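# Observations on the three-dimensional arrangement
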Amino acid sequence: MQVSLAVATTHLRSRLRATLVSLGGVILGVAFFLAVSSLMRGSERDFLKRLIDNNPHITVYDEYRLPEPQPAQLRWSDGAVHVSHVKPRAEPRGIRAYPEKLAFIESFRGIRVAPVLTDSAVLLFAGHQQAVSVSGIVPAKMKTVTTLEEKIVEGSLDALAADSNGIVLGVGLAQTFHLHLGSTVSIVTGAGTNHALRVVGLFRTGNASYDEEQTFVLLKRAQALLEHPNRVNRFVIQLDDATSARNVAAQIESAIGYKSVSWIEASEDILSLLLVRNIIMYSVVSAILVVASFGIYNTLSTIVIEKTRDIAILKSMGFQARDVRTIFLLEGLIIGCMGSAAGLAVGAVLMRLLANVALRPPGVTEIVHLPVWWGPEQFALAAAFALCSCLAAAYLPAQRASRVHPVDILRGAT
Amino acid sequence: MSTVLRAQHVTRRLSGDVPVTLVEDVSMQVESGEFVCIMGPSGSGKSSLLYLLGLLDMPDEGRVLLGEEDTSRFGEKELAARRLERLGYVFQYHFLLAEFSVRENVALPMRRLGRLSAAQCVDRADSLLDQLGVADQAAKRPHQLSGGQRQRVAIARALANDPLLILADEPTGNLDSASSANVRQILRDLTHAMQKSVVAVTHDAAFAAVADRCIEIVDGRIRVSAT
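Residues numbered from 1 in each chain as written. Chains lettered and ligands numbered in written order. Predicted model: local features only at pLDDT ≥ 70, side-chain atom pairs only at ≥ 80, totals over all residues.

## Examining the overall build of chain B
Our working definition: Numbering of helices and strands starts at the N terminus; helices are DSSP runs of H or I of at least 4 residues and strands are runs of E of at least 2. As defined in this context, the radius of gyration uses C-alpha atoms, and a globule is described by 2.2 Å times the residue total to the power 0.38. In this description, a residue-residue contact is defined by the distance between C-beta atoms placed from the backbone, which must lie within 7 Å.
Helices and strands together make up the secondary structure of chain B, namely seven helices and ten strands. Computed over the C-alpha atoms, the radius of gyration of chain B is 17 Å, within 12% of the 17 Å expected from 2.2 N^0.38 for a compact globule of 227 residues. Reported as C-alpha extents along the three principal axes, the dimensions of chain B are approximately 45 × 40 × 40 Å. Look at the contacts in chain B between residues 6 or more apart in sequence, and 69% of them connect residues 24 or more apart.

Right under this line is the structure:
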């Protein structure tokens, strides 16, 4: 191997300019691969973090995925029984015996859960009216499962806990109605109940429609307004490990029967979109390295042509085809290793520059920085792809060199 | 004396639109410490025979025995191993690797064989260069040497792994008369002093004077074998 390495390095030095051009291609390829992919992965992680942080990891609804099995289906489970037009059981909406189910879910390790009763209502103030979603919550539990507390810009969830007639609104809704902390608004529910509530908190999530439509009241107040005493219609669950949401949701659903939707299931379309985006991104950045590998192929092919006589001499000395192939693969590997090392360094500099870029998107008050991800896997992936490209580019010239028949060359040598 | 190499009814043809017979039914042997000279007109098949004897090419018929080993059953790996360990080549155009120093060129076969450490390879290379009178050129590149010096370096390289047999293809074909005489004498000395066998293909009639045996080959066949 040492001899092959010595010959390989000598070959590369003999065509220094072409080697440097090839090396430059790999360096740029790796650097751009790293910078672009880290930016894309950074934005993806940032997006997923927001998705996970701002939404429940699991939501348990007062619904069933499948209709209740009918007696005939149970009796002849192996038979060809089809029961159609099954009428849903007439019962009030909501999760039955929710305190027991809540206690069961709370018994899971690494889980936090809050009961919520959500329905539609109409908000009335000074002649204005607007349809809103009203959610009845237990503030102490809600704090553990959402970032609502962090989004409150005026007032607090504690103020809501202390005021049974309190309501927390989005800033957008407050602006529409010209409301401020301490204002009183009327709310009319589908059950026909009309009640005056006092604004005790204002939140801003950055999501305009949410800020204009969502309201929070105490759970007991919501149950009274919506005439669903002792009922909730969903559990909002947060996990220590958000990635286990799908499995935990399945366990909960199989245990209590109610439809449990993980954030992964709820965001399948977005996750698919991110996957497609990643495929496109990696295809584009990989293309840079593929182009760079053509440079290596060109350099090594030229060396093979120029060094055909030397290859014949090496073989006449006793070098095997495998040795000759190793020499040229090593040449590709040397360019790949050097190009990767330098490319990663240049890429890190590019990433640092990108991370320092400050943007202020239209309509947004806070300055945002480009989300660059510094994960080591990204560096490893860029280097591994570069090495694979370089070895692939070296393979054909190496094969050609290994097939040189010394007699053919020696016969024609002058 | 033991037999180093034997060719038995060796034939080599080139296929194509017009098949060409390069070597036809050649049988010969080389004894230990013997200097055999193969002569003949251009295109007579001298070099082709040398490539067959040197395991660079394989005969279509017949067989070549290296010592007692029948090489006709060998694959590429075994042939390369035998070339590395037991044979040394000297070509008309020195064929030294231009980017390597003289010392590195001589050390290369030893490093490939891997029996000596890097330092030992260098020591042996220096020793061989010293024996051939080019020790002072060890650090130079081949292009900085004269034709005669290059050929002496090529002989040193051929001797690197202490082979049984040196195969030389027109070793003086590109040299002036003084250098030719020097190379002839070196090859002659190899057989006497180092008990190496030498097979040299040449047009140079002066080789007949130093060789133990001359074989004349015409149209791929041995015409005369004289001592």
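The discussion continues.
## Quick notes on the sheet that holds strand β5 (residues 69–70) of chain B
All names here are of chain B. Applied cut-off: One bridge is not enough; two strands pair if DSSP finds at least two bridges between them. For every element, the axis is a line fit to its C-alpha atoms; helices are fit only across the contacting stretch, and the angle between N-to-C directions ranges from 0 to 180 degrees.
Strand order in this open sheet of four strands is β2-β1-β4-β5, and the pairing throughout is antiparallel. Whereas interior strands pair on both sides, the edge strands pair on one side only; in this sheet they are β2 (20–31) and β5. Note: strand β1 (residues 3–14) against strand β4 (residues 61–66), five bridges, orientation antiparallel. In the strand pairing of β4, Thr 11 is matched with Glu 61. Strands in contact with helix α1 (residues 46–53) are β1, β2 and β4; relative to β1, the strand with the most contacts, it is inclined by about 125°.

## A few points about the interface of chain A and chain B
Every contact between the two is made by 19 residues of chain A and, on the other side, 21 residues of chain B. Elements with a minimum of two residues in the side of chain A that touches chain B: α1 (2–14), α14 (308–317) and α17 (406–412) of chain A.

## Digging into the environment of Arg124(B)
Residue and element names in this part refer to chain B. Tracing the backbone shows Arg 124 in helix α4 (residues 118–131). Remark: the alpha-carbon pair of Arg 124 and Arg 103, spanning 21 residues in sequence, is separated by 9.5 Å. Leave out the neighbours within four places in its chain, and Arg 124 touches Met 110 and Leu 116.

## Re the domain arrangement of chain A
In plain terms, the rule: Either an automatic procedure or a domain database provided the assignment from which the domain bounds are taken.
Examined at the domain level, chain A breaks down into domain 1 (2–52 + 270–412) and domain 2 (60–76 + 90–264). The gap between the C-alpha centroids of domain 1 of chain A and domain 2 of chain A is 53 Å.

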